[in-house]
Amino acid sequence: MENTDSITLSLELNKNHKNKRGQHSVRLFVFNSITKDKCYIKTPFKLLKADFEGAWLKKNSKAKFRNLRMEMLKFLDSVDSCILELGRFDKDEFKSVFYGNGPQKKDLKYYYDKKITDFTESGGLGTADQYQCSYKFIKKYNNDKVPEFNQITPKWLIKFDKHCTDKGLLTTSSIGMYLRCLKSIFNLAIHEGAVSNDKYPFGKFGYIIPKGENIKKALTKEQVQKLYESKSATPYQKMSKDFWFFSYLSYVLNLKDILMIKNKDLEEGFFYFERKKTLHTVKTRTPIKVYLTDFTKEVIRQYGDHNPDKP
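Asks: Please explain the overall build of the protein chain as it appears in this structure.
Replies: In terms of helices and strands, the protein chain carries eleven helices and six strands. By the burial criterion, 36% of the 311 residues in the protein chain qualify as buried. Considering only intrachain contacts with a sequence separation of at least 6, the fraction spanning at least 24 residues in the protein chain is 49%.

Asks: When you look at the packing of helix 5 (residues 125-141) against helix 7 (residues 172-191) in this model, what are you seeing that I'm missing?
Replies: Two measures define how a pair of helices packs: the angle their axes make with one another and the distance between the axes. At their nearest, the axes of helix 5 and helix 7 sit 9 Å apart, and the two run at 95° to each other. Comparing their axes, helix 7 and helix 5 come out roughly perpendicular. Together, Q130, Y131, C133, S134, F137 and I138 of helix 5 and M177, Y178, C181, L182, S184 and I185 of helix 7 make up the contact between the two elements. Of the residues that constitute the contact of helix 5 with helix 7, the class distribution is nine nonpolar, three polar and no charged.

Asks: Would you take a moment to explain the packing of aromatic side chains for this structure?
Replies: Each aromatic ring pair is described using two quantities: the centre-to-centre distance and the angle formed by the ring planes. Within this structure, the stated rule accounts for 26 aromatic pairs. Ring centres 5.3 Å apart and planes at 85° place the aromatic pair Y141 and F160 in the edge-to-face group. Taken together, the positions of Y141 in helix 5 and F160 in helix 6 (residues 154-166) put the pair 19 residues apart, joining distant regions of the chain. You can call F160 buried: its relative accessible area is 0%. Taking the centre distance of 5.5 Å and the plane angle of 10° together, the rings of W244 and Y248 count as stacked.

Asks: Would you mind going over the sheet that holds strand 2 (residues 24-32) with me for this structure?
Replies: Hydrogen bonds along the backbone pair up the strands of a sheet, which may run parallel or antiparallel. Taken in spatial order, the three strands line up as 1-2-3 in an open sheet, and their pairing is antiparallel. For this open sheet the edge positions go to strand 1 (7-18) and strand 3 (38-47), each flanked by a neighbour on one side alone. Across the sheet, the axes of successive neighbouring strands diverge by a mean angle of 30°, strand direction being ignored. In the sheet, strand 2 pairs with strand 3 via seven bridges, with the strands oriented antiparallel. Each bridged residue has a counterpart across the sheet, and for F29 the counterpart in strand 3 is Y40.

Asks: Hey, could you run me through a positive patch on the surface in this one?
Replies: A cluster of basic residues, K42, K46, K91 and K95, forms a positive patch at the surface. If you list the elements that add at least two residues to the positive patch, you get strand 3 and helix 3 (91-98). Tracing the backbone shows K42 in strand 3.

Asks: What is the right way to read the side chain of D242 from this model?
Replies: Here D242 lies in helix 9 (residues 235-248). Classification of D242 by relative accessible area gives buried; the value is 7%. What D242 contacts, discounting residues up to four positions off in sequence, is F295, V299, Q302 and Y303.

Asks: For this particular structure, what's the right way to read the nonpolar core?
Replies: As a rule of thumb, nonpolar side chains are buried together in soluble globular proteins. Residues L108, Y112, F149, L157, L179 and L182 are the most contacted members of the largest nonpolar core, which totals 30 residues. Elements with a minimum of two residues in this core: helix 4 (108-121), helix 5, helix 6 and helix 7. It is helix 7 that provides the largest number of residues to this core, a total of ten residues. Judged by nonpolar contacts, the second largest core, of 24 residues, contains L28, W56, L68 and M72.

Asks: Hey, could you run me through helix 11 (residues 294-303) in this one?
Replies: Owing to its 3.6 residues per turn, the α-helix aligns residues three or four sequence positions apart on the same side. Along helix 11, the residues classified as buried are F295, T296, V299 and I300. Down the axis of helix 11, the smallest arc covering the buried residues is 140°, so these residues share one side. Of the residues in helix 11, the exposed ones pointing more than 90 degrees away from the buried face are D294 and R301. Close packing links the buried residues of helix 11 with helix 8 (221-229), helix 9 and strand 4 (266-267).

Asks: How do you make sense of the confidence of the model for the protein chain when you look at a structure like this?
Replies: Segments scoring low in pLDDT should not have their predicted coordinates read at a detailed level. Per-residue pLDDT for the protein chain has a mean of 85; in total, 89% of the residues score no lower than 70. Least confident of the elements in the protein chain is helix 3, whose mean pLDDT is 71; most confident is helix 6, at 95.

Asks: Just checking my understanding: could you explain a nonpolar patch on the surface for this structure?
Replies: There is a patch of nonpolar side chains on the surface, built from L219, L227, W244, Y248 and L249 and spanning about 450 Å² of accessible area. By the element assignment, Y248 lies in helix 9. Y248 sits in the partly exposed class, given a relative accessible area of 42%.

Asks: I'm lost on the sheet that holds strand 6 (residues 288-291) in this one. Help?
Replies: Strand order in the open sheet formed by three strands is 4-5-6, with antiparallel pairing between adjacent strands. Edge positions in the open sheet fall to strand 4 and strand 6, since each of these has one partner strand only. By the bridge criterion, four bridges tie strand 5 (residues 270-273) to strand 6 in an arrangement that is antiparallel. Looking at strand 6, one finds that F271 is bridged to V290.

Asks: Sorry, what's going on with the side chain of Q23 here?
Replies: Structurally, the position occupied by Q23 is in the loop between strand 1 and strand 2. When residues no more than four places from it in sequence are discounted, the contact partners of Q23 are H17, K18, K46, L47 and L48.

Thresholds, definitions, all that
- Residues numbered from 1 in each chain as written.
- Predicted model: local features only at pLDDT ≥ 70, side-chain atom pairs only at ≥ 80, totals over all residues.
- Heavy atoms only, no water.
- Helix = DSSP H or I, 4+ residues; strand = E, 2+ residues; numbered from the N terminus.
- Buried < 20%, exposed > 50% of the residue type's maximum accessible area, 1.4 Å probe, protein only.
- Contact = heavy atoms within 4.5 Å.
- Axes fitted to C-alpha atoms, helices over the stretch in contact; angles between N-to-C directions.
- Parallel < 35°, antiparallel > 145°, perpendicular 65-115°, else oblique.
- Nonpolar A, V, L, I, M, F, W, Y, C, P; charged D, E, K, R; others polar.
- Phe/Tyr/Trp six-rings, centres within 6.5 Å; stacked < 30°, edge-to-face > 60°.
- Pairing = 2+ DSSP bridges.
- Patch = residues over 30% accessible without salt bridge, like charges linked within 9 Å, V, L, I, M, F, W, Y side chains within 5 Å.
- Areas by Shrake-Rupley, 256 points an atom, 1.4 Å probe, with all protein chains shown as cover.
- Salt bridge = Lys/Arg side-chain N within 4 Å of Asp/Glu carboxyl O.
- Lys, Arg positive; Asp, Glu negative; His and termini not counted.
- Charge placed at Lys NZ, Arg CZ, Asp CG, Glu CD.
- Core = buried A, V, L, I, M, F, W, Y, C linked by side-chain atoms within 4.5 Å.
- Arc of directions from axis to C-beta.
- pLDDT = per-residue confidence, 0-100.

Here is the structure:
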């Protein structure tokens, strides 16, 4: 369920819309700070500019404005209750439920928003960004419209792959990354009963997601020695070099794992860590033991926070 605390509601006077009596329509602006979605919703209010400012902006104490403000707050409360009931905000879905036109719609956008929110709230910002890019690219390919689940077939995916490859829009690795996000969306939708199993477009009898081959070129011992003995021109270059060699001497730790090392992880001559990249993708989490060298000890001494009150 999406964290509805990320959703902001505000009433605005639509200055571009005015009737013959000089009244403007009041619209509700909705913004999701996590997904960056925003939209306007119609309200039942049509007010003169002075009435809107007196009731809503200036909070005038006159009975006329107090009563009007109470009606506007009542409307906002009903909107807020509807969003809390849905557990998320989608314009079409909200209008369908709020105005009583039908049930909640669990479409592709719903599940992408759900994944993006879940990863954002759990600290997986990089993965959340992958899902965001996957959604945008798939929507753009589909004439800037969100495709329906039953529209995405193995044939559709093959055409998407060919389009991105022929146009040079994405590398094979990026195509694979974005479509693995889509595959995960399908798995979740099928698990929740929103999509039937026979609509699954991936797998042995469907579309096979491509795997990009990375060409890995290892440094020779002589190159590593030359890099180690090189002189840094600035303090920032020295810090970069220090962290690179710390990673090199510590099971090739990525920068996030290095920054997440706590005082409590340090023992005499070694430390433990868990790779944050696989924290939510493996069932058994086994801490990795890394022995400290004179160099890595010095990096910790120089850049670490040794406050005993911190973990």
